[in-house]
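Residue-level structural notes
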Amino acid sequence: MLLYPKFYYKNVQSIDLNMLYDIGIRGIILDVDNTLIDYKKVMPDGIKEWVAEAKNKDFRICILSNSNNKEKVSKVAEILHLEYIMCAAKPLKRGFKKALKLLNLEPEECVAIGDQVFTDVIGANKMKIQSLYVEPISKKEFWYTMWKRPIETLILNIYKKKVKED
């Protein structure tokens, strides 16, 4: 289903890179806000190390953000030594297409990691990219995200129940 992620993890640092590699994933598309940094632009411990480990395993990685704040996105990209795409307009396909071109990979070889169902998960699923949902780093967030969270929580609760049944 378009609304459900393929994978669900607590945070980026807990994502099993060996499992991703074993299922044929070679590219990682990362969201920024509340996935790599919190509302105050603080990156949690372990993110840099996780990205470095992914690079050591030969994953191709880029950032795909809806943000138009170049200073914020470029700083995260610089810290992690990644290329980035801003103003992605997720869940539309165009940003994901740019990311696939940048990584030089096919959709089935990639996973998109993010904290929002209505942007990251739906966008990835529409592109046939494996979607991986991570819980938001912080409860504090922008107004344009905050109003969607109760609906996303409902969707994710249904998803979790289905996964337990399967």
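Use the structure listed above.
Scope of this entry: the structure provided in the associated data block. (Residues numbered from 1 in each chain as written. Predicted model: local features only at pLDDT ≥ 70, side-chain atom pairs only at ≥ 80, totals over all residues. Heavy atoms only, no water.)

1. Topic: the environment of Val 12
Among the secondary structure elements, Val 12 is positioned in the loop between strand 1 (7–9) and helix 1 (17–22). As a C-alpha pair, Val 12 and Tyr 133 span 121 residues in sequence and 9.1 Å in three-dimensional space. When residues no more than four places from it in sequence are discounted, the contact partners of Val 12 are Thr 35, Leu 36, Ile 47, Trp 50, Ile 113 and Val 134. (Helix = DSSP H or I, 4+ residues; strand = E, 2+ residues; numbered from the N terminus. Contact = heavy atoms within 4.5 Å.)

2. Some remarks on the pairing of strand 5 (residues 110–114)
Of all five residues making up strand 5, five are buried, and the element is well covered by its neighbours. Where burial is concerned, the two faces of strand 5 agree: the one with Cys 110, Ala 112 and Gly 114 and the one with Val 111 and Ile 113 are both buried. Here strand 2 (residues 27–30) runs beside strand 5; their pairing, made up of four bridges, is parallel. Looking at the pairing, Ile 29 lines up with Ala 112 of strand 5. Here strand 5 runs beside strand 6 (residues 130–134); their pairing, made up of four bridges, is parallel. Pairing of Ala 112 across the sheet is with Ser 131, part of strand 6. (Buried < 20%, exposed > 50% of the residue type's maximum accessible area, 1.4 Å probe, protein only. Pairing = 2+ DSSP bridges.)

3. Details of the pairing of strand 6
Among the five residues that make up strand 6, five are buried, leaving the element largely enclosed by the rest of the structure. By the alternation rule, side chains of strand 6 split into Gln 130, Leu 132 and Val 134 and Ser 131 and Tyr 133, which are all buried. Relative to strand 6, strand 1 runs parallel, the two sharing three bridges. Paired with Tyr 9 across the two strands is Val 134, which belongs to strand 6. For the segment spanning strand 5, helix 5 (residues 117–126) and strand 6, crossover handedness is right-handed. (Right-handed = clockwise from strand over helix to strand, strands pointing away.)

4. Describing the pattern of salt bridges
Scanning the model with the defined rule gives five salt bridges in all. For Glu 53, the salt bridge goes to Lys 57, with nearest N and O atoms at 4.0 Å. Residue Glu 53 is classed as partly exposed on the basis of its relative accessible area of 39%. By relative accessible area, Lys 57 is classed as partly exposed at 26%. Between Asp 120 and Lys 90 there is a salt bridge, and its shortest N-O distance comes to 2.7 Å. Of this pair, Asp 120 sits in helix 5 while Lys 90 is found in the loop between strand 4 (83–85) and helix 4 (93–103), placing the two residues 30 residues apart along the sequence. Like Lys 90, Asp 120 is buried. Several salt bridges converge on common partners, so that one network encompasses Asp 31, Lys 90 and Asp 120. (Salt bridge = Lys/Arg side-chain N within 4 Å of Asp/Glu carboxyl O.)

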